[in-house]
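# Reading the structure
Each chain is listed here by its residues.
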Number of protein chains: 2
Amino acid sequence: MRTIQVKSGSAGYSVFVGRGLLSTLSRRLVNVRGKGPRGVFVLTSPEIWSLWADAFLESFPHQDPPSILFLQPGEEHKRLRTVERLAEQLAEARADRSSLLIAFGGGIVGDVGGFLAAIFMRGIDYVQVPTTLLAQVDSSVGGKTGVNLQAGKNLVGCFHHPLAVFADTELLQTLPSRELRAGLFESVKAGIIRHPKLFGYMERNAGAILARDPKAIEYVVSASIQMKAEVVGIDELENGLRMILNYGHTLGHAIEAATRYRKLLHGEAVAWGMIAATRLGLARQTVTRAQADRIEKLIFEYGPLPSLRLPVDRLLDAATRDKKNRSGVRRVILPSGIGNAVVVEDVTDAELHDVAESMLRTARESSATTDSVKE
Amino acid sequence: MRTIQVKSGSAGYSVFVGRGLLSTLSRRLVNVRGKGPRGVFVLTSPEIWSLWADAFLESFPHQDPPSILFLQPGEEHKRLRTVERLAEQLAEARADRSSLLIAFGGGIVGDVGGFLAAIFMRGIDYVQVPTTLLAQVDSSVGGKTGVNLQAGKNLVGCFHHPLAVFADTELLQTLPSRELRAGLFESVKAGIIRHPKLFGYMERNAGAILARDPKAIEYVVSASIQMKAEVVGIDELENGLRMILNYGHTLGHAIEAATRYRKLLHGEAVAWGMIAATRLGLARQTVTRAQADRIEKLIFEYGPLPSLRLPVDRLLDAATRDKKNRSGVRRVILPSGIGNAVVVEDVTDAELHDVAESMLRTARESSATTDSVKE
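Residues numbered from 1 in each chain as written. Chains lettered and ligands numbered in written order. Predicted model: local features only at pLDDT ≥ 70, side-chain atom pairs only at ≥ 80, totals over all residues. Heavy atoms only, no water.

### Structural notes on the pattern of salt bridges
Residue and element names in this part refer to chain B. For the structure on display, the rule yields 30 salt bridges over all chains. With its nearest N and O atoms 3.2 Å apart, the salt bridge here joins K228 to D138. With K228 in helix α9 (residues 214-234) and D138 in helix α5 (residues 133-139), this residue pair connects regions lying 90 residues apart in the sequence. Look at D138 and you get buried, because its relative accessible area is 18%. (Salt bridge = Lys/Arg side-chain N within 4 Å of Asp/Glu carboxyl O. Helix = DSSP H or I, 4+ residues; strand = E, 2+ residues; numbered from the N terminus. Buried < 20%, exposed > 50% of the residue type's maximum accessible area, 1.4 Å probe, protein only.)

### Looking at the pairing of strand β6 (residues 125-130) of chain A
Consecutive side chains of a regular strand alternate in pointing toward one face of the sheet and then the other. Residue and element names in this part refer to chain A. In terms of residue burial, β6 counts as a mostly covered element, since five of its six residues are buried. In this structure, strand β5 (residues 100-105) lies alongside β6, joined through six bridges in parallel fashion. Bridge pairing in β6 places G105 opposite P130. One crossover worth recording links β5 to the parallel β6 by way of helix α4 (residues 107-119), and it is right-handed. (Pairing = 2+ DSSP bridges. Right-handed = clockwise from strand over helix to strand, strands pointing away.)

### Some words on the relation of the copies chain B and chain A
Least-squares fitting of chain B to chain A yields an RMSD of 0.0 Å, with the superposition described by an axial translation of 0.0 Å and a rotation of 180°. Accordingly, the operation relating the two chain copies is best matched by a two-fold axis. Taken as a fraction of all interface residues of chain B, those also at the interface in chain A reach 100%, which identifies the copy contact as same-surface. (Least-squares fit on C-alpha atoms with pLDDT ≥ 70 in both. Contact = heavy atoms within 4.5 Å.)

### A look at the interface of chain B and chain A
Listed as interface residues are 31 residues of chain B and, on the opposing side, 32 residues of chain A. Summing both sides of the interface, chain B and chain A together bury roughly 3,100 Å²; the carbon and sulfur share of this comes to 54%. Scanning the region where chain B abuts chain A turns up four salt bridges. A salt bridge links E88(B) to R79(A); its shortest N-O distance comes to 3.6 Å. Across the contact surface, chain B and chain A share twelve residue pairs in polar contact (both at pLDDT 80 or more). (Buried area = accessible area lost by both parts, 1.4 Å probe. Polar contact = N/O pair within 3.5 Å; in protein donor to acceptor, adjacent residues only side chain to side chain.)

### Re the packing of helix α7 (residues 196-204) of chain B against helix α12 (residues 289-301) of chain B
The angle between the axes and the distance between the axes are what describe a pair of packed helices. Residue and element names in this part refer to chain B. Two numbers describe how α7 lies on α12: the axes approach to 10 Å, and their chain directions differ by 55°. Between α7 and α12, the angle is such that the two are oblique. Crossing of α7 against α12: the hand is left-handed. Every residue of α12 that contacts α7 at F199, M202 and E203 is listed here: R294, I295 and L298. Grouping the amino acids of the contact of α7 with α12 by side-chain chemistry returns four nonpolar, no polar and two charged. (Axes fitted to C-alpha atoms, helices over the stretch in contact; angles between N-to-C directions. Parallel < 35°, antiparallel > 145°, perpendicular 65-115°, else oblique. Left-handed = near helix turned anticlockwise from the far one by under 90°. Nonpolar A, V, L, I, M, F, W, Y, C, P; charged D, E, K, R; others polar.)

### Quick word on the packing of aromatic side chains
One pass over the structure, following the stated rule, counts 14 aromatic pairs over all chains. Seen in terms of ring centroids, F16(B) and F166(B) are 5.2 Å apart; in terms of plane orientation they differ by 15°. Their pairing is stacked. Of the two residues, F16(B) sits in strand β2 (residues 11-18) while F166(B) sits in strand β9 (residues 164-168), which places them 150 residues apart along the sequence. Seen in terms of ring centroids, W49(B) and F56(B) are 5.3 Å apart; in terms of plane orientation they differ by 65°. Their pairing is edge-to-face. For the cation-ring pair, R122(A) lies above F159(B), with the distance from its terminal atom to the ring centre recorded as 5.9 Å. (Phe/Tyr/Trp six-rings, centres within 6.5 Å; stacked < 30°, edge-to-face > 60°. Lys NZ or Arg CZ within 6 Å of the ring centre and 35° of its normal.)

### Some thoughts on the environment of L241(B)
Residue and element names in this part refer to chain B. Among the structural elements, L241 can be located in the loop between α9 and α10 (249-258). On the basis of relative accessibility, which here comes to 25%, the residue L241 falls in the partly exposed class. Taking the C-alpha atoms as reference points, L241 and E230, separated by eleven residues in sequence, lie 10.0 Å from one another. The contact partners of L241, leaving out residues within four places of it in the chain, are R194, V231, I234 and D235.

### Some remarks on the sheet that holds strand β2 (residues 11-18) of chain A
All names here are of chain A. Taking strand neighbours across the sheet as the criterion, the seven strands line up as β1-β2-β9-β6-β5-β3-β4 in an open arrangement whose pairing is mixed. With one partner strand each, in any of the chains shown, β1 (2-8) and β4 (67-70) form the two edges of the open sheet. Recorded for the sheet is a direction-independent mean angle of 20° between the axes of neighbouring strands. Here β2 pairs with strand β9 (residues 164-168) via five bridges, running parallel. Residue G18 lies in a different strand from β9, and its bridge partner there is D168. The strands that helix α2 (residues 46-57) touches are β3 (40-44), β4 and β5; relative to β5, the one it contacts most, it runs at about 115°.

### Thoughts on the UniProt feature "transmembrane region" (unreviewed entry) in chain A
This chain's UniProt record puts "transmembrane region" (unreviewed entry) on residues 100-121 of chain A. The distance separating the terminal C-alpha atoms of residues 100-121 of chain A is 12 Å; by composition the span is 59% helix and 27% strand. (UniProt positions renumbered as here; feature names shortened; annotations may be inferred.)

### Remarks on a positive patch on the surface
Taken together, the side chains of R260(A), R262(A), K263(A) and R314(A) make up a positively charged region of the molecular surface. Residue placement: K263(A) occurs in the loop between α10 (249-258) and α11 (266-283). (Patch = residues over 30% accessible without salt bridge, like charges linked within 9 Å, V, L, I, M, F, W, Y side chains within 5 Å. Areas by Shrake-Rupley, 256 points an atom, 1.4 Å probe, with all protein chains shown as cover. Lys, Arg positive; Asp, Glu negative; His and termini not counted. Charge placed at Lys NZ, Arg CZ, Asp CG, Glu CD.)

### Considerations on helix α3 (residues 80-92) of chain A
Residues and elements named next belong to chain A. The terminal C-alpha atoms of α3 lie 18 Å apart, and with 13 residues this matches the ideal 18 Å at 1.5 Å per residue to within 8%. Every buried residue of α3 is listed here: L80, T82, V83, E84, L86, A87, E88, L90 and A91. One or two residues past the end of α3 sits R94, with phi positive at roughly 65°. (Expected span 1.5 Å × (residues − 1).)

### Observations regarding the environment of H266(A)
Residue and element names in this part refer to chain A. Within the element layout of this structure, H266 appears in helix α11. Measuring from C-alpha to C-alpha, the distance between H266 and L25 comes to 29 Å, with 241 residues separating the pair along the chain. Residues in contact with H266, not counting those within four places in the same chain, are L134, E186, H249, H253 and E256. A distance of 3.5 Å separates polar atoms of two side chains, one belonging to H266 and the other to H249.

Dropping the structure here:
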């Protein structure tokens, strides 16, 4: 097991990464809470619960199990009305300010659960037990919680840090391989923007990682979290450094929006976005040709990436409507060598058009289709 | 004009109390925001807006007025679905993280507006411009924001401090007199639990205060806010001292719940609750007979209090279902002399029954009816 300390202005907590955390959870909660397992509520999805309920409940007292709340899967349930229904259920079950909520699931369960904990009785404690690779390396660290509006994703929410995060890598053994690979793109991102050692490791060990070798997975997950923890520790409220985490997201978000979040997984869209941003870096000479090639090669190593047929104008249109660009400033994150990134604010429409077109050409010719990568 | 500094662990801001703040608001906002009047959104009620729009808009640039969002009056609109609708409107109007929300209205506008600001894009700046006495002396200070669930009032929300509070006492000139008096009970409470000077002032100047003499009102409002600011500064998250602010609330909330929030205004219910708590203080000898008499006399000075016909069992039943007593501990705040209060946790059912019955006897015989005090 590895432990990563997350420090930020308003909170500090530990992320535990390793195998077997789930079946020993109750005892570990006593350590972080400083008290026994009473008043524990679990938010999870029916699918996760049907797979893991036995392991989850193993360490809890059989006569006094935690109360289980369910969130149906799918982005359409990541809304305020879901949060309201869950809050009513908590109140009904007599949760109070001393209760603990465990968010046990993927990114949506984490975002909704964290937000529910942030606003129920003006804030109760919660812990994250992320079950997907993406949730383990990304959304469980940073304190961002929230739900969608019709007007856009994650437009309402809070910064609310968990008491602790338990990333049990054993849970990744049952993850569909497309989801595993989509999550690994976040680790690839971590390597590119700030962690040259992780970058090199992922170059050399793609076989072991994709075969879910426990040691390899544990290293990749903990190194990715370490990178994010450092960045968030330096810039909790996203005023500076944290922006580099958006590498690949300018066009990644635009791809998701233009395809209505239906064709690509988030990580896959970000992967195409990283390729575009890298080509912009090459044009701007923040990376050499050799470095750009290494980056693209690493991304495709964790593919296949689904092919994309999208008119460039539709993509650019979606990019300008992105909430992060509302102030009128378009910030693009470029790789700077391997293991470093820079934020540029002066990217012209023409430049963006060029790299979007170049990326879309590659994406059209990709051999993988969304069907072929579906599990 | 008087200025009160509110300091708390996570924030510091000023409460300005005086006449004419509304018509100079835009210039004052520049001072607290450090920038011009762009990106300003106002949440208000149609009623308030029809009375005060001209004064409000006077100091804003005519070519670039703030955007106005409306909240219909009534507790039934203090819900998450209202917050969602308002958030969609903000997004539609292109509000972003640098926008400012002004909550311009009574307590409900303040609670909903503060919560909207707390969660829109994970938190934007807001200021309070409270228009009722109750909102000026109570809900605008302390950072509590939130909305109701079916399961109970204020069960979801955030602690989110405003950038500043502008309590324009001129707005109180149009307040119905029953609402004025209901708000004054919060000032009476402030005097009893922590501000002997305010207590004495309200004893000697009831005539001037009820006649809305500007100087008298300004003193009462600022002294009440000063008291609350001190308490909240010492105990932001309601773990200790802040509990004394609940003086009168154990039975006050129960009266509101048992009458379904329809008969009495909040301040009136708290006034009856203060009378019961004072009688318990007398029984427990935390106040002398003379002190208890002075307290009751002051409360009735700001009456008339509506009569109440309520079986004692129904009241006590509502008291046990109150969310603040969920943990099983019943905390009651007793006056301790004049200008001080104590929290007791060992009040027996029999003791509570006795004082509730004694208070209800007085309340049944009160000459005022809810009809007679209606404006």
